[in-house]
Amino acid sequence: MAQSEERLAYLLVAPTFLIVVGLVVFPAFFNVWISTHRIGLDNLNEVFRAPFVGLDNYGRAVRDYAFLDALKTTLLYSFSATAVTTLAGLAVGLLLNNSFRGRGAARALFLIPYVAPLISVAYVWKWLLDPTVRGVLNWILLRLGLIAQPVSWLGTGGLALSIVILFEGWRYCPFAMLMILAQLQAIDTTLYEAAAVDGASAPRRFWSITLPELRVVLGTVFLIRLMWTFNKFDDIFLLTGGGFGTRVLPILTYEFSFRLFDFGEGSATAMILVLILSGFMVVYIRKVLRW
Amino acid sequence: MISRRVIRILLCAAVALIGTVTVFGGPAQETAKKKTVVELWTTDNEEYRVVAYEKVADNFMAKNPDVEVRIVPIDEASTSQRIATARGANRLPEIARIGVERVAPFLADGILDVEASTKVIKGLGEATFHKGVLDLVRTPEGGYSAVPYDGWIQALWYRADAFKKLGLAAPVKWSDIQKAGQALQGKEGFLYALTLGTDPSQNYGCQVFEQVAMSNGAYPFDKNKKVAMNSVAMVEALEFYIGLQKYAAPGPNYWKQAREFYITGQSATLWYSTYVMDDLVGLQKGIEPTIKELGNLTGFAPSMVGSKGDSATYGQLVVMGIFKKTDVDAAARLLSYMLEGQDYIDILFLSPNGKIPVRTNAVDAWAKHDIFKKYPKDVIDTVVNGYNTMQRWAFAPQMGSAERAVIGDMEGRLLVPQAVSNVIEGKMTVQQAADWLQTRVEELYATRSAEKK
Amino acid sequence: MVNGVRLRPGRVLFWLVLIALLFSAAFPFYWMISSSMKNLMELSGRDPVFFPSRIHLDAYRLLFRELGFGRNLANTAVVAATTALLAVLFASLGAYAVARLRFRGRNLLLNLVLMVYLFPGVLLVIPLFAMLVRIGGALSIEVQDNLGVLILTYLAQTLPVALYMLAGYFRTVPEEIEQAALIDGCSRRQVITRITFPLSVPAMVSVTVYTFMIGWNEFLYAFIFLNRRENFTLPIKLLSISEQLNTRWDVVMAASTVMTVPIVVLYLVFQRFLEKGLVAGGVKA
């Protein structure tokens, strides 16, 4: 019985397993192989005969002029964006935890930035942030007298990164909100009642009851979003193309591979990205989440 | 005890999957067995242009029933990437329309078919091509790496009416350009005097800067083939160019914004190819000038004179590269056809001001286009002779094939636009940017030199 | 109703903050739709227009008549739908095995699923492309411009999470019901199809919709694998439109609108299912 159960299980799992192993796991290992060989446009179609170069690609990638900057930007961007997302999610979650008329509609509306296609929202943001007076933001700020000339939001170093971080927060906070809200609604209300009876003020109740209860979900949300943001390519590529201080490691990978046609270096950079993320996750899971 | 139903479900799924793959399978691999397929990638991707190419293709196919021609429009910005993936998939097109600066790196990468291109040119007669043009694609062995097709020259277009009113000289010399910038920024109804190529992901900044550098005698390699990106001349050029930003529009700009600002009267000057000539007289669909008679109000300055008095002009030669290991013979036949007679003229007429014929026997018919009636004769003459006067870094006499490949790589990696952008943002000084460029180019040079076995 | 955090003194503040946040979430979409219906003067003038004078549908006409957008819409719909259906089929079967059956490697599979998300798209795309090309060459299948191949890559991206979400949900179906059925003489497949699946409709719908969304929105792989305009999916077509010589922002906004509306509608219709699924699954790009 157990044996046939196993056989059935293997059969049921087979399609998923084959596709995932074939199209994700195997390419991941293949990527390690590519990162240790010199592969350019000339030998891209006969990769198995490419010359082995050991860790040379890694060395060159790390010494590349853009690498250190990209690393710093990636770390800054990932952590900030995830923090913004989590905090915004917390704020909205707290708001929606109260009952009020129209709560269901508000909740549905809040999720739209998250479910709408990335490309569409990226282009709307680019249009809103147009560096001429046609951009609504510039127009409003000009009218309010806060700026003297239209600002190129996505085209100024420093500012562009802030905008991208803001964009990430705007787009992904609904995800955080959902998870946090679910947890908020599961908090035992008697805790609050007891504290109120003891004379604790609202902020005090928040710090001493709500936050500790949310610790795990906040930590989990932060980790999950961090993982995703660290590896993100599409968002930044569509908003800024990687310029003006927003070049993160995934963008650098793309540039090595498709602008310089140095696929080995591109793969090496991607591997470095994975290693950094894994390292961080191990530490985080052990220390912060105490799993 | 594996249920038959489970097996059936899985089988259905597998069939569905395989069915999907074959039904949606890519371009017909079956017809390839009956006819030779020639795929041509063109960056002339507006609908009306694609239609014109297809018409020429139809004419060719009528005379050559054994060949099927497929015109594939692609976006210029993703050309690099598409060629890479096609190469990786062993599905390079037969022909691709590329700028001449890409030829050297592709040649060094060994993906261009020199024999086929040489056949085309010799078949049509070397004497029928503009002298300057063939020089730009000649290989050391005397063959031709790609087939020239059309091209343009770059100029600084300016509002001659405003210049005249303020008593400004034509913006040819560096000092005059600076004076004009100062005089026009925010004045006479203009928001900006100029627009520089500040977008680090676009090549426009490099194209303009190259002219600035050449006008100061600054080249990436000096006469001894040493990298010279931080030479005095180059630093001066960078300082001059970046110094102009205070008279220019803010933001990540490239030709798109530059053109738009000029056409809508927001800026007073524009660095652009001759492609803009039809826009200026309102012959281009899409953006219409908001300034009346912009063509008449516009002056034309193709040369630039640097601090030492050297003059430089910049232009582009667009070539058709034939890729190795594709149906090169059929491709050669198609290109020979496309460079002859009315079909050639039809393609040139898509934008005659931006497509200067490379064949001397086509000039007369081409010059009869209406657009040329709207411009004075001396402008037309300059345009026609563009190939004789145009200069490029890659074609300075000291450049060998490795140096040319590096220059192509520089452009591919968008080094100059990035350096310019860094300085404008204040992350680097001009000298630091020059040193940075020096190191990068040295690295590229080391890689390319090592490849020469 | 008991409130988690009392804000009575700051009730006004509460509403202000709520409205502000709602506005910031919704305004870009209003701008997207309204911009797509403005005429060129309203779009590019010196003062932005907040309420277009009339509804101009020129952008949409241009999109569908001249730019062939309908074809791209069809491509995307087919790709997304096929991906969704196949994903839910494969994932359900696998999830059932993970949830109910004991087999060697079960834990490995579950961990594998999550590890897969450690690898960014940019890392996988080149080796995947190189691999598929070799396989395609051996089988005489074109890999580029092949929507079927694209569907395969999307399945690879979505199956892990789909399986995880469904397995989690299947576990909540009381095992006793299944056990009773088995004892009564039902075969395993009958249990799956007659009991487990019908009870898990919310999760399965949720996974289908979620996978559909991914197939609809995916950018990187479509960017790399598709060259011909008629094969483009909506995201790549949108990119291509925005890179035209004269960027017509009304057309770009119209394209964005056409791309967004079906997904938002889909979301609103299946909202409840989706939220449960998103929370349970825990991971979406």
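Residues numbered from 1 in each chain as written. Chains lettered and ligands numbered in written order. Predicted model: local features only at pLDDT ≥ 70, side-chain atom pairs only at ≥ 80, totals over all residues. Heavy atoms only, no water.

Visitor: So what exactly am I meant to see when it comes to the overall build of chain B here?
Guide: Per the secondary structure count, chain B includes 22 helices and nine strands. Relative to the globule expectation of 22 Å for 453 residues, the C-alpha radius of gyration of chain B, 24 Å, shows essentially globular dimensions. Taken along its principal axes, the extent of the C-alpha atoms in chain B is 90 × 55 × 50 Å. With 453 residues in all, chain B has 62% of them scored as buried. The contacts of chain B with a sequence gap of at least 6 include a subset with a gap of at least 24, amounting to 76%. (Helix = DSSP H or I, 4+ residues; strand = E, 2+ residues; numbered from the N terminus. Rg over C-alpha atoms; globule rule 2.2 N^0.38 Å. Buried < 20%, exposed > 50% of the residue type's maximum accessible area, 1.4 Å probe, protein only. Contact = heavy atoms within 4.5 Å.)

Visitor: Could you clarify how one ought to interpret the packing of aromatic side chains in this entry?
Guide: Any aromatic ring pair is given by two values, namely how distant the centres are and how the planes are angled relative to each other. Taken as a whole and judged by the stated rule, the model has 52 aromatic pairs over all chains. Centroid distance Tyr254 of chain B to Trp255 of chain B: 5.4 Å. Interplanar angle 80°. Geometry classified as edge-to-face. By relative accessible area, which is 22% here, Trp255 of chain B ends up partly exposed. Ring plane angle 85° and centroid distance 5.7 Å describe the contact between Phe14 of chain C and Trp15 of chain C, whose orientation is recorded as edge-to-face. On the basis of relative accessibility, which here comes to 2%, the residue Phe14 of chain C falls in the buried class. With relative accessibility at 36%, the residue Trp15 of chain C sits in the partly exposed group. (Phe/Tyr/Trp six-rings, centres within 6.5 Å; stacked < 30°, edge-to-face > 60°.)

Visitor: Looking at this structure, I do not really get the pattern of salt bridges. What am I missing?
Guide: For side chains of opposite charge, pairing can occur when their charged atoms come near one another. Applying the stated criterion across every chain yields a total of 41 salt bridges over all chains. Arg448 of chain B serves as the salt-bridge partner of Asp409 of chain B, at 2.8 Å between the closest nitrogen and oxygen. Of the two residues, Asp409 of chain B is situated in helix 20 (residues 401-412) and Arg448 of chain B in helix 22 (residues 430-451); the sequence distance between them amounts to 39 residues. Glu230 of chain C serves as the salt-bridge partner of Arg228 of chain C, at 3.2 Å between the closest nitrogen and oxygen. Since its relative accessible area comes to 11%, Arg228 of chain C is described here as buried. For Glu230 of chain C, a relative accessible area of 35% corresponds to the partly exposed category. (Salt bridge = Lys/Arg side-chain N within 4 Å of Asp/Glu carboxyl O.)

Visitor: When you look at the interface of chain A and chain C in this model, what are you seeing that I'm missing?
Guide: Note on interface size: it is often stated as the accessible area lost on association of the parts. Opposite the 96 residues of chain A that make contact, chain C presents 96 residues. Between chain A and chain C the total buried area reaches about 8700 Å² when both faces are included, carbon and sulfur atoms providing 77% of it. It is Leu23, Tyr123 and Trp127 of chain A that lose the most area in chain A upon contact with chain C, and together they represent 8% of the buried surface on that side. Taken together, chain A and chain C are joined by one salt bridge. One salt bridge in this structure joins Arg104 of chain C and Glu6 of chain A, with 3.5 Å as the shortest N-O distance. For the side of chain A that touches chain C, the element with the most residues is helix 1 (residues 2-35) of chain A, which contributes 23 residues. Here the residues of the side of chain A that touches chain C sort into 70 nonpolar, 15 polar and 11 charged. (Buried area = accessible area lost by both parts, 1.4 Å probe. Nonpolar A, V, L, I, M, F, W, Y, C, P; charged D, E, K, R; others polar.)

Visitor: Please explain the packing of helix 5 (residues 118-128) of chain A against helix 1 (residues 11-36) of chain C as it appears in this structure.
Guide: The packing of two helices is summarised by the inter-axis angle and the distance between the axes. Between helix 5 of chain A and helix 1 of chain C, whose axes approach to 10 Å, the crossing angle comes to 85°. Here helix 5 of chain A lies roughly perpendicular to helix 1 of chain C, going by the angle between them. Residues Ser120, Val121, Val124, Trp125, Trp127 and Leu128 of chain A of helix 5 of chain A pack against Phe27, Pro28, Phe29, Trp31, Met32 and Ser35 of chain C of helix 1 of chain C. (Axes fitted to C-alpha atoms, helices over the stretch in contact; angles between N-to-C directions. Parallel < 35°, antiparallel > 145°, perpendicular 65-115°, else oblique.)

Visitor: Please clarify how the pairing of strand 3 (residues 95-99) of chain B should be interpreted in this entry.
Guide: Regular strands show a simple pattern: their side chains alternate between the two faces of the sheet. Residue and element names in this part refer to chain B. For strand 3, a buried count of five out of five residues is recorded, marking the element as mostly surrounded by other parts of the structure. Taken together, the two bridges between strand 1 (residues 36-42) and strand 3 define a ladder with parallel strand orientation. Paired with Trp41 across the strands is Ala96, a residue of strand 3. Alignment of strand 3 against strand 9 (residues 315-322), held across five bridges, turns out to be antiparallel. By the bridge assignment for strand 9, Gly99 is matched with Val318. (Pairing = 2+ DSSP bridges.)

Visitor: I tried to follow the domain arrangement of chain C on my own but got confused; where do I start?
Guide: According to the domain assignment, chain C consists of domain 1 (1-31) and domain 2 (58-281). When each unit is reduced to the centre of its C-alpha atoms, the spacing between domain 1 of chain C and domain 2 of chain C is 34 Å. (Domains from an automatic or database assignment.)

Visitor: Whenever I open this one, helix 1 of chain C confuses me. Can you help?
Guide: Think of an α-helix as 3.6 residues a turn; residues three or four steps apart then line up on the same face. All names here are of chain C. Taking 1.5 Å of rise per residue, 26 residues should cover 38 Å, and helix 1 covers 37 Å from first to last C-alpha, within 8% of that figure. Roughly 35° is the biggest bend found in helix 1, and it falls at Ala26, with proline Pro28 one to four residues downstream. Restricting attention to buried positions, one finds in helix 1 the residues Phe14, Leu18, Leu22, Ala25, Phe27, Pro28, Phe29, Trp31, Met32, Ser34, Ser35 and Ser36. (Expected span 1.5 Å × (residues − 1). Bend = angle between axes of the 7 residues up to and from the residue.)

Visitor: How do you make sense of the packing of helix 5 (residues 106-115) of chain C against helix 7 (residues 147-172) of chain C when you look at a structure like this?
Guide: Residues and elements named next belong to chain C. Where helix 5 meets helix 7, the closest approach of the two axes is 8 Å, and the angle between their N-to-C directions is 130°. Classified by the angle between their axes, helix 5 and helix 7 sit oblique to one another. Once helix 5 is placed against helix 7, the crossing between them reads as left-handed. The segment helix 5 lies against helix 7, with Arg106, Leu110, Val113 and Leu114 engaging Pro160, Leu163, Tyr164 and Arg171. Of the residues contributing to the contact of helix 5 with helix 7, the split by class is six nonpolar, no polar and two charged. (Left-handed = near helix turned anticlockwise from the far one by under 90°.)

Visitor: Just checking my understanding: could you explain the confidence of the model for chain C for this structure?
Guide: Segments scoring low in pLDDT should not have their predicted coordinates read at a detailed level. When pLDDT is averaged across chain C, the result is 83; 91% of the residues are at 70 or more. This complex was scored by the predictor with a pTM of 0.84 and an ipTM of 0.86. (pLDDT = per-residue confidence, 0-100.)

Visitor: Which parts of the structure should I look at to understand the pairing of strand 6 (residues 298-301) of chain B?
Guide: All names here are of chain B. Alternating positions in strand 6 separate into two faces, Thr298 and Phe300 on one and Gly299 and Ala301 on the other, with burial throughout. Note: strand 4 (residues 147-159) against strand 6, four bridges, orientation antiparallel. By the bridge assignment, Leu156 is partnered in strand 6 with Ala301.

Visitor: Just checking my understanding: could you explain a nonpolar patch on the surface for this structure?
Guide: Residues and elements named next belong to chain C. There is a patch of nonpolar side chains on the surface, built from Val12, Leu13, Leu16 and Val17 and spanning about 390 Å² of accessible area. Counting through the fold element by element, Val17 comes out in helix 1. Its relative accessible area of 34% is what places Val17 among the partly exposed residues. (Patch = residues over 30% accessible without salt bridge, like charges linked within 9 Å, V, L, I, M, F, W, Y side chains within 5 Å. Areas by Shrake-Rupley, 256 points an atom, 1.4 Å probe, with all protein chains shown as cover.)

Visitor: Before we go on, may I ask you to explain a positive patch on the surface in this structure?
Guide: Together, Arg49 of chain A, Lys324 and Lys325 of chain B together with Arg134 of chain C give the surface a local cluster of positive charge. Relative to the elements of secondary structure, Arg49 of chain A occurs in the loop between helix 1 and helix 2 (56-63). (Lys, Arg positive; Asp, Glu negative; His and termini not counted. Charge placed at Lys NZ, Arg CZ, Asp CG, Glu CD.)

Visitor: Sorry if this is basic, but what is going on with unusual backbone geometry here?
Guide: Glycine aside, residues mostly have negative phi angles, and peptide bonds mostly take the trans form. Even without a glycine there, the phi angle at Asn90 of chain B is positive, about 55°. If you trace the backbone, Asn90 of chain B turns up in the loop between helix 4 (79-88) and strand 3. Notably, Ser140 of chain C is not glycine yet its phi reads approximately 60°, a positive angle. Relative to the helices and strands, Ser140 of chain C is located in the loop between helix 6 (121-139) and helix 7.

Visitor: Just to check I follow, could you spell out helix 7 of chain C for this structure?
Guide: All names here are of chain C. Under the 1.5 Å per step criterion, the end-to-end length of helix 7 is 36 Å for 26 residues, consistent within 8% with the ideal 38 Å. Of all bends in helix 7, the biggest is about 40°, found at Thr158, and the proline Pro160 comes one to four residues later. The opening residue of helix 7, the one whose side-chain oxygen lies 2.9 Å from the backbone nitrogen of Gly148, is Asn146. (Polar contact = N/O pair within 3.5 Å; in protein donor to acceptor, adjacent residues only side chain to side chain.)

Visitor: Help me understand the environment of Ile407 of chain B in this model?
Guide: Residues and elements named next belong to chain B. Inspection of the secondary structure puts Ile407 in helix 20. You can call Ile407 buried: its relative accessible area is 4%. Apart from residues lying up to four places away in sequence, Ile407 is in contact with Pro220, Phe221, Trp393, Ala394 and Met399.

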